[in-house]
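A look at the structure
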Amino acid sequence: MAGTATLQRKTKETDISLSLTLDGTGKSEIASGIGFFDHMLEGFARHGFFDLTLSVNGDLQVDGHHTVEDTGIVLGQAIKEAAGDKAGMKRYGFFILPMDDALCLCAVDLCGRPYLNFACDFKTECVGTLETELVREFFYALSYSAGMNIHIQMLSGENTHHMIEAMFKAFAKALDEATQKDPRIADVLSTKGSLA
């Protein structure tokens, strides 16, 4: 079915099953073993109107790194697969999202080339059991496996929970815009004729 992807990835560090529908209703079932990370992915699904089912069994006895990074890899692969050849898609999306004290800008380009610009300094080392340095690792892994540009700028913020939540929601809104169809686009929005 167009706009959907179902993937499984198993390594010695993580065992991940993921299903994604880009043009969904925002429903999700998330179980990564890291409560705050689940909360962020639920927000991503709800605010981007993506349907997302995710199950992760990771080596949390080590730390959360492999769980978060590998989830980024698989989600990026799912976005790439679900977007297909990107025919008719707007390709670009951006959003500035406020959440109390936090204000986050996110812009994306489904160009087929990976790049992450991540400008944010978190004020705490953890939110719940999620190490805040892993947020960048998640978006880095996602950008590379999806083949997309992601620019994230935290314009203001004091509360780390709010900052990270604003980031995930802004990314969701930007990605939703980029994957929308525009009837004026007959094939792909590129002078090269391809967004691979």
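This text goes with the structure placed above it.
Residues numbered from 1 in each chain as written. Predicted model: local features only at pLDDT ≥ 70, side-chain atom pairs only at ≥ 80, totals over all residues. Heavy atoms only, no water.

Section: the sheet that holds strand S10 (residues 149–156)
- The strand order across the open sheet built from four strands is S5-S6-S10-S7, with neighbouring strands paired in mixed fashion. The open sheet is flanked by strand S5 (92–99) and strand S7 (115–119), the only strands paired with a single partner. On average, each strand axis in the sheet is inclined to that of its neighbour by 10°, with strand direction left out of account.
- Note: S5 against strand S6 (residues 102–109), eight bridges, orientation antiparallel. When the bridges of S6 are listed, Met 99 appears paired with Ala 102.
- Packing of helix H4 (residues 160–178) onto the sheet brings it into contact with S5, S6, S7 and S10, and relative to S5 it is tilted by some 150°. (Pairing = 2+ DSSP bridges. Helix = DSSP H or I, 4+ residues; strand = E, 2+ residues; numbered from the N terminus. Axes fitted to C-alpha atoms, helices over the stretch in contact; angles between N-to-C directions. Contact = heavy atoms within 4.5 Å.)

A word on the sheet that holds strand S4 (residues 51–58)
- Taken together, four strands build an open sheet; the order of strands is S1-S2-S4-S3 and the sheet is mixed. Unpaired on one side and paired on the other, strand S1 (4–10) and strand S3 (28–31) mark the two borders of the sheet. The mean angle between the axes of side-by-side strands here comes to 5°, regardless of whether they run parallel or antiparallel.
- Bridge analysis of S1 against strand S2 (residues 14–21) gives seven bridges, and the strand direction is antiparallel. Directly across from Lys 10, in S2, lies its bridge partner Asp 15.
- Packed onto the sheet, helix H1 (residues 35–48) meets S3 and S4 and runs at close to 160° relative to S3.
- Here helix H2 (residues 65–83) sits on the sheet in contact with S1, S2 and S4, set at roughly 145° to S1.

Here we look at the pattern of salt bridges
- In total, this model carries four salt bridges according to the counting rule given.
- When the shortest N-O distance is used, the salt bridge between Asp 109 and Arg 91 registers 2.6 Å. With a gap of 18 residues between them, Asp 109 in strand S6 and Arg 91 in the loop between H2 and S5 connect regions that are remote in the sequence. Note on accessibility: Asp 109 and Arg 91 belong to one class, buried.
- The partner of Arg 184 in a salt bridge is Asp 182, and the shortest N-O contact between them spans 2.8 Å.
- Exposure remark for Asp 182: the relative accessible area of 11% places this residue in the buried category. (Salt bridge = Lys/Arg side-chain N within 4 Å of Asp/Glu carboxyl O. Buried < 20%, exposed > 50% of the residue type's maximum accessible area, 1.4 Å probe, protein only.)

The analysis is restricted to geometry; functional conclusions fall outside its scope.
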